[in-house]
Amino acid sequence: MPDRSILRPLGLFLLLALGWLAIGFVVQDAYWRLMLTLVPIWGLLAVSWNIFSGYSGLVSFGHAAFFGLGAYLVALGQARFGLTPWLGIPLATVLGGAAGAAIGYPTFRLRGNYFALAMLAYPLMLVSLFGWMGFQEVSVPLHREAPGWYMQFGDGRIDIAIALALLTIGFAASLLVERSRFGLSLLAIKQNELAAEAAGIDTRRWKMRAMVLSGALAAAAGGFYAVVLLVVTPNSVFGLVVSAQAMILSLFGGAGTVWGPLIGAVVLVPLGETLQAELGHILPGIQGVIYGIAVIVVILAAPEGLYWKLRDLRRRAPAMAAAEAPPAPPAAALRPPLGAPILEVEGLSKSYGGVHAVSDVSFSVRAGEILGIIGPNGAGKTTLFNLLNGLVQPSQGSVRYEGQSLAGLRPSGICRRGIGRTFQVVRAFPRMSARENVVVGAFVAHGTDDAATRAADAALAQVGLSHRAGAAAGTLTNRELRLMELARALAAGPKLVLLDEPLAGLGSTDTEALIAVVRTLPSLGITVVIIEHSMPAMLGLVDRFLVLDNGRLLTEGPPQEVLRRPAVVEAYLGRKWATADADG
Ligand SMILES: Nc1ncnc2c1ncn2[C@@H]1O[C@H](COP(=O)(O)OP(=O)(O)OP(=O)(O)O)[C@@H](O)[C@H]1O
């Protein structure tokens, strides 16, 4: 994938890490050496938080759970069993990963604020649990006979080097996530989890992987923290301040980017620690106050974090560059004759309490057809799409695609079978390029990132958006965004696409451009089902109309004929249309 190499940022990171270590050699004071060790430790915790929450958008208030488990494993392992941290930290990493899976499994059932609050419960529970078990204070015994074996070098510079080595592992993991389908899939989840599922992304699997990786890295940070501080108490490792630290450092520096958590750690950790050391006896808890103020300042001045603010300042000029002229809309190739039914819907119903959103609807769509679905607001059109692509399960009835039932399949599974979908509201990832936005749709059909990028480029060419492939989605026009969303659905190589109001909010020229693209789809072997309110656009596009009213199938047939039927005029078009039609 272009610009997605990890070597340059990793090289820069190593250079900075060496510089950091060099400071450790210059500084003689033990306190400052400890600070130079703590920054990468907290930085690693923030990196781990960012891998999960920064990219997926699921806020975790509970990362102290992983950090504390790692710290206790290393401290107790050494105090009770003489376990060397060289083994203890890798074991802590495994424990953190396992805890990630155990916590993720039940908690992923919740969304948004509920998820964030549920995550808070785990460290709170662990504080009490470790207190009850009699681990109020676990001291790591000193081993003067084998200091190296127990990481007790008595030389702060070695501690700094180990902390940096651990941070390097975390940073590299974070880069690998960000620059691959892993990160793009998480960002798609952050944007809109349902749309991500519909684009073929197995959202549960990616969230779980992110949580396991994140838990593992947080536990490693906790493990080394125990080695450095030599004392572990429930509050110092499971406490709210630890979870807040993970979150605040990332948010301050910039969530959803590899550098953000590091910027946060470098600025805030020394600030908080110094103030605590200097003023802590007069103003206890000053660190928390400073963190709070820092967050408020960032919210006001750079809501996405320092990293994004600095980047925007640097790149302001190119971001404002004028868009190139779009190419002429693609000409429709010769349409192949209609084939056998590709989609067969039988007695499909969906009720929400007393509301019959879709009621006993049956129809079929032939391969190569363009079928238009119309009906008044609330007729059940979007619910029908949701039933077809598995976002909601039917109360009754069946959907067969290429002769096979789709019952019980999740949206990602249905997308994998070859049904693509766009949504009424375009949900682009504004900071990602148009190409990256489209690549997300290609993952389902392509094993390697390179193949997915090629498919994305082909889809962008299909919709006439190649000239904007590198532009950030945030700079695209409304028409370009609609085309980009269509390209995302096409990148998966679907045989059938469900387009939900793709013309909403477009002017007449833009509408024509989009319709011209949709018209080319059957010649590419793609069947189209489209919901749209714009009647002139639909009349020139579709082969057949399906009219829904109050969840029921009112009628279906050729466009001109359907629009003359009194029931359709009555239910949907209104008398004005009938008069205009008669006049015309
Ligand atoms: N999750 C839900 N819970 C309760 N009622 C719902 C739900 N989803 C849809 N409905 C109801 O089902 C009916 C059909 O809604 P739907 O969004 O499918 O209509 P629509 O034809 O797509 O409308 P529009 O053109 O305004 O988008 C409406 O009465 C709506 O309020």
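Once a new chain begins, its residue numbering starts again from 1 and follows that chain's sequence as written. pLDDT decides what is reported in this predicted model: residues at 70 or higher carry local features, side-chain atom pairs at 80 or more are listed and counted, and totals for whole chains, interfaces and linings draw on all residues regardless.

**Q** Help me understand the overall build of the protein chain, please; the structure alone is not making it clear to me.
**A** If you tally the helices and strands in the protein chain, you get 23 helices and 12 strands. In terms of overall dimensions, the protein chain has C-alpha extents of about 95 × 50 × 45 Å along its principal axes. Counting every position in the protein chain, which comprises 584 residues, the buried fraction comes to 48%. A pair of residues counts as a contact when their C-beta atoms, built from backbone coordinates, are separated by no more than 7 Å. Residue pairs at least 24 apart in sequence account for 74% of intrachain contacts in the protein chain once pairs closer than 6 positions are excluded. Numbering goes from the N terminus for both helices and strands, where a helix is a DSSP run of H or I of at least four residues and a strand is a run of E of at least two. Burial is judged by counting the other C-beta atoms within 10 Å of a residue's own C-beta: 20 or more makes it buried, 12 or fewer makes it exposed, and any count in between marks it as partly exposed, with every C-beta position built from the backbone.

**Q** It is not clear to me how the site of the ligand should be interpreted in this structure. Could you clarify?
**A** Only the C-beta atom matters for nearness: placed from the backbone, it must lie within 6 Å of the molecule or strand for the residue to count as near. Close contacts around the ligand come from Y352, V355, A357, G375, N377, G378, A379, G380, K381, T382 and T383, and that covers them all. Looking at the shell around the ligand, the elements with two or more residues in it are β4 (355-366) and α15 (381-388). If you tally residues by element for the shell around the ligand, the top one is α15, at three residues. When the residues that make up the shell around the ligand are grouped by side-chain class, the tally is four nonpolar, six polar and one charged. Under the scheme applied, nonpolar residues are Ala, Val, Leu, Ile, Met, Phe, Trp, Tyr, Cys and Pro; charged residues are Asp, Glu, Lys and Arg; polar residues are all the others, including Gly.

**Q** Sorry, what's going on with the sheet that holds strand β8 (residues 419-421) here?
**A** Adjacent strands of a sheet pair through backbone hydrogen bonds, lying either parallel or antiparallel. When DSSP finds two or more bridges between a pair of strands, those strands are recorded as paired. Pairing in this open sheet of six strands is mixed, and the strands run β8-β9-β10-β5-β11-β12 from one edge to the other. Edge strands, defined here as strands with exactly one partner in the open sheet, are β8 and β12 (552-557). The sheet shows a mean angle of 20 degrees between the axes of neighbouring strands, taken without regard to direction. Note: β8 against strand β9 (residues 496-500), three bridges, orientation parallel. Bridge assignment links R421 to a residue of β9, and that residue is L498. Axes, fitted as lines to C-alpha atoms, cover a helix only where it is in contact. Angles between the N-to-C directions of the axes lie from 0 to 180 degrees. Contacts from α15 reach β5 (370-374), β8, β9, β10 (527-531) and β11 (544-549) within the one sheet, and its direction differs from that of β9 by about 150 degrees.

**Q** What is the right way to read the nonpolar core from this model?
**A** Inside soluble globular proteins, nonpolar side chains tend to come together where they are buried. Residues of type Ala, Val, Leu, Ile, Met, Phe, Trp, Tyr and Cys that are buried and joined through C-beta atoms within 7 Å form what is called a nonpolar core. Formed by 182 residues in total, the largest nonpolar core has its most connected members in A221 and A487. Ranked by residue count, the leading element in this core is helix α9 (residues 203-229), at 15 residues. For A487, the contacting residues outside a window of four places in its chain are V438, A459, L460, Q462, V463 and L465.

**Q** Sorry, what's going on with the sheet that holds strand β3 (residues 341-352) here?
**A** Taken in spatial order, the four strands make up an open sheet running β4-β3-β6-β7, and their pairing is antiparallel. Each of the sheet's edge strands pairs with one partner strand only, and the pair in question is β4 and β7 (404-405). The sheet contact formed by strand β6 (residues 396-401) and β7 spans two bridges and is antiparallel. The partner of R400 across the bridge, within β7, is S405.

**Q** Could you clarify how one ought to interpret the pairing of β9 in this entry?
**A** Strand residues, when the strand is regular, have side chains that alternate between the two faces of the sheet. In terms of residue burial, β9 counts as a mostly covered element, since five of its five residues are buried. Neither face of β9 is left uncovered, since the one carrying L496, L498 and D500 and the one carrying V497 and L499 both have all their residues buried. Here five bridges tie β9 to β10, and the two strands are oriented parallel to one another. Of the residues in β10, the one forming a bridge with V497 is V528. Looking down the strands as they point away from the viewer, one classifies a crossover as right-handed if the path from the first strand across the helix to the second runs clockwise. Note on the crossover from β9 through helix α20 (residues 508-520) to β10: the handedness is right-handed.

**Q** Honestly, helix α13 (residues 286-301) in this entry has me stumped. Any pointers?
**A** Given 3.6 residues per turn, any residue in an α-helix points the same way as the ones three and four places further on. Here the expected length of a helix is defined as 1.5 Å per residue gap, with one fewer gap than residues. In a regular helix each residue adds 1.5 Å, so 16 residues correspond to 22 Å; α13 covers 22 Å between its end C-alpha atoms and thus fits that length. Within the span of α13, buried status applies to Q287, Y291 and V298. The buried residues of α13 occupy an angular sector of 40 degrees when the element is viewed end-on, so they sit on one face. Opposite the buried face of α13, at more than 90 degrees from it, the exposed residues are G292, I293, I296, V297 and L300. Working note: the arc is built from the helix axis to C-beta atom directions.

**Q** Can you walk me through the environment of I342 in this structure?
**A** Here I342 lies in strand β3. Note on I342: 21 C-beta atoms within 10 Å, which makes it buried. Here I342 is in contact with V365, R366, A367, Y401, E402, K495, L496 and T527, once residues within four sequence places are set aside.

**Q** Help me understand the confidence of the model for the protein chain, please; the structure alone is not making it clear to me.
**A** In low-pLDDT regions, the fine details of the predicted coordinates are not to be read closely. Values of pLDDT, ranging from 0 to 100, describe the predictor's confidence in every residue of the model. Per-chain confidence: the protein chain averages 89 in pLDDT, with 94% of residues scoring 70 or above. Predicted confidence is poor over residues 318-323, with pLDDT under 50, and the contacts of this stretch with residues over four places away or in other chains come to four contacts. Prediction confidence for the complex, expressed as pTM and ipTM, is 0.79 and 0.95 respectively.

**Q** So what exactly am I meant to see when it comes to the packing of helix α7 (residues 181-191) against helix α17 (residues 434-442) here?
**A** Between two packed helices, the angle of one axis relative to the other and the distance separating the axes together describe the packing. At a minimum axis distance of 10 Å, the contact between α7 and α17 shows a crossing angle of 95 degrees. Classified by the angle between their axes, α7 and α17 sit roughly perpendicular to one another. Two secondary-structure elements touch here, α7 through L184, S185 and A188 and α17 through E436, V439 and V440. For the contact of α7 with α17, the per-class residue count stands at four nonpolar, one polar and one charged. Orientation is classified from the angle alone, with under 35 degrees giving roughly parallel, over 145 giving roughly antiparallel, 65 to 115 giving roughly perpendicular, and any other angle giving oblique.

**Q** I keep staring at unusual backbone geometry and nothing clicks. Help me out?
**A** Among all residues except glycine, the phi angle is most often negative; among peptide bonds, the trans geometry is most common. Its identity is not glycine, yet M151 carries a phi of approximately 55 degrees, on the positive side. Topologically, M151 is positioned in the loop between β1 (138-139) and α6 (156-178). With a phi angle near 70 degrees, L230 is a residue other than glycine that sits in the positive phi range. With respect to the element layout, L230 can be found in the loop between α9 and β2 (231-232).

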